[in-house]
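For reference, the chains in residue letters:
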Amino acid sequence: MGPFHAGEIEIQRRLDARDDADRVGRIVASEIPDRVVRVLAAQRLAVAASLDVQRRPWASLLTGGPGFITAVDAQLLSLAVPPRTDDTLATDLSAHPDLGLLVIDPRTRLRLRVNGRGLLGPEGLFLLVRQVYGNCQKYIQKRRIVAESSGEPGAVRRSESLDPRQRALVAHADTFFIATWHPEGGADASHRGGRPGFVRVLDERTLEFPDYPGNNMFNTLGNILGHPSAGLLFADFDTGNVVQVAGSARILGETDLAVRIEIDEVRETPGGLPLRLELVEPSPANP
């Protein structure tokens, strides 16, 4: 059995990318390589994808000092930072064990995806690896950490739509993270980047963004094809505010694809990202 599920294969077929996908798919491993173990020790930021009781994917931020992500062995990751009790991740894992993790380093444009089954314990979060692979550096804006807040995040604000301030954050974003899920492949967290404005705010409950050319694996789109729902996370790198949205997802177009999100819940966490990051260089791959 190959690394791709039915949804991914269908999108690859539609775009005549099966041969490329099979070639790139050789990077997918079932164990954590030794070289990755060393890289993980320096990381400060990860994004988790989980599924709530309504079967909606959510993207959640996880941060810590260097060494907060460690490999217990070749198939088990440990994250020494328990999710906040008011973050959906804490309740999601009690309902569905599927967990996707994106480890990303804005300083070097490194990104690593790990998918499997999660467990939340007193020591933090554990992920039993099913798939692990690196991604290309396309569309990652290079940023550096310039400060770190020691204060606690504010209380989560919930609504059914984006207010004007939140819409402005989304409309000016050059980066966001997306969580998706597929019944065969489980949960997955991914990164999307572009020039500010690449995410279009059609109204207070509708977002749309293009799917730029990548590695032809189509993990995110394949998941949406099989389970048309997604969770998006936007962070204000200056203030640390974090906006999460969840809703239905639809793939648009035949060759130049886009994704439309119809929002049914918004969660904003003031200071949800303790790291403050400064833009160093936009991605040279940005259209």
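I will try to describe carefully the structure that is included in this document. Along every chain, residues carry numbers that run from 1 in the direction the sequence is written. Side-chain atom pairs in this predicted model are given and counted only at pLDDT of 80 or more, local residue features only at pLDDT of at least 70, and totals for whole chains, interfaces and linings cover all residues. With hydrogens and water set aside, each side-chain value is computed from the structure's full complement of heavy atoms.

1. Thoughts on the environment of Ala 71
And then number 1: Here Ala 71 lies in strand β3 (residues 69-73).
And then number 2: Measuring from C-alpha to C-alpha, the distance between Ala 71 and Pro 57 comes to 25 Å, with 14 residues separating the pair along the chain.
And then number 3: Residue contacts for Ala 71: discarding those within four places in its chain leaves Ile 32, Val 37, Leu 76 and Leu 77. Each helix corresponds to a stretch of at least 4 residues labelled H or I by DSSP, and each strand to a stretch of at least 2 residues labelled E; elements are numbered beginning at the N terminus. Note on contacts: a residue pair is in contact if any heavy atoms of the two residues lie within 4.5 Å.

2. Regarding the packing of helix α1 (residues 6-14) against helix α6 (residues 219-226)
And then number 1: Running from amino to carboxyl end, α1 crosses α6 at an angle of 110°, the nearest separation of the two axes being 7 Å. Here α1 is positioned roughly perpendicular relative to α6, judged by the angle of their axes. The way α1 lies across α6 gives a crossing that is right-handed. Here Gly 7, Glu 8, Glu 10, Ile 11 and Arg 14 of α1 lie close against α6, whose contacting residues are Asn 219, Leu 221, Gly 222 and Leu 225.
And then number 2: Ten residues, namely Ala, Val, Leu, Ile, Met, Phe, Trp, Tyr, Cys and Pro, are considered nonpolar, four, namely Asp, Glu, Lys and Arg, are considered charged, and the remaining ones, Gly among them, are considered polar. Across the contact of α1 with α6, the residue classes break down as three nonpolar, three polar and three charged. Only the stretch in contact is used when a helix axis is fitted, and all axes are lines through C-alpha atoms; the angle between N-to-C directions ranges over 0 to 180 degrees. Should an angle fall under 35 degrees it is taken as roughly parallel, and over 145 as roughly antiparallel, whereas 65 to 115 is taken as roughly perpendicular and any remaining angle as oblique. Note on convention: the crossing is left-handed when the near helix lies turned anticlockwise from the far helix by less than a right angle, right-handed when the turn is clockwise.

3. Regarding the side chain of Arg 113
And then number 1: Within the secondary structure, Arg 113 sits in strand β6 (residues 110-121).
And then number 2: Residues adjacent in sequence count toward polar contacts only when both atoms are side-chain atoms; beyond that, a polar contact is any pair of N or O atoms within 3.5 Å, and within protein one must be able to donate a hydrogen and the other to accept it. Polar contacts involving the side chain of Arg 113 include one to the side chain of Asn 219, which spans 3.5 Å.
And then number 3: Sequence-distant contacts of Arg 113, that is, excluding residues within four places in its chain, are made with Leu 101, Leu 102, Gln 131, Val 132, Tyr 133, Asn 135, Asp 188, Ala 189, Ser 190, Asn 219 and Thr 220.

4. Brief notes about the nonpolar core
And then number 1: One finds Leu 207, Leu 232, Phe 234 and Ile 261 to be the most contacted residues of the largest nonpolar core, which totals 26 residues.
And then number 2: Of all the secondary-structure elements, those providing two or more residues to this core are α5 (164-171), β10 (175-182), β13 (206-210), α6, β14 (229-235), β15 (242-252) and β16 (258-269).
And then number 3: At four residues, the largest contribution of residues to this core is made by β16.
And then number 4: If sequence neighbours within four positions are ignored, Ile 261 has contacts with Arg 205, Thr 206, Leu 207, Phe 209, Ala 230, Leu 232, Ser 248 and Ala 249.
And then number 5: Among the nonpolar cores identified, the runner-up in size contains 22 residues, and Leu 40, Phe 68, Val 81 and Val 129 belong to it. Here the nonpolar core consists of buried residues drawn from Ala, Val, Leu, Ile, Met, Phe, Trp, Tyr and Cys, with membership extended through side-chain atoms lying within 4.5 Å. Three labels apply to residues, based on accessible area from a 1.4 Å probe with only protein chains included: buried if under 20% of the type maximum, exposed if over 50%, partly exposed otherwise in between.

Don't take any of this as a statement about function, it's just geometry.
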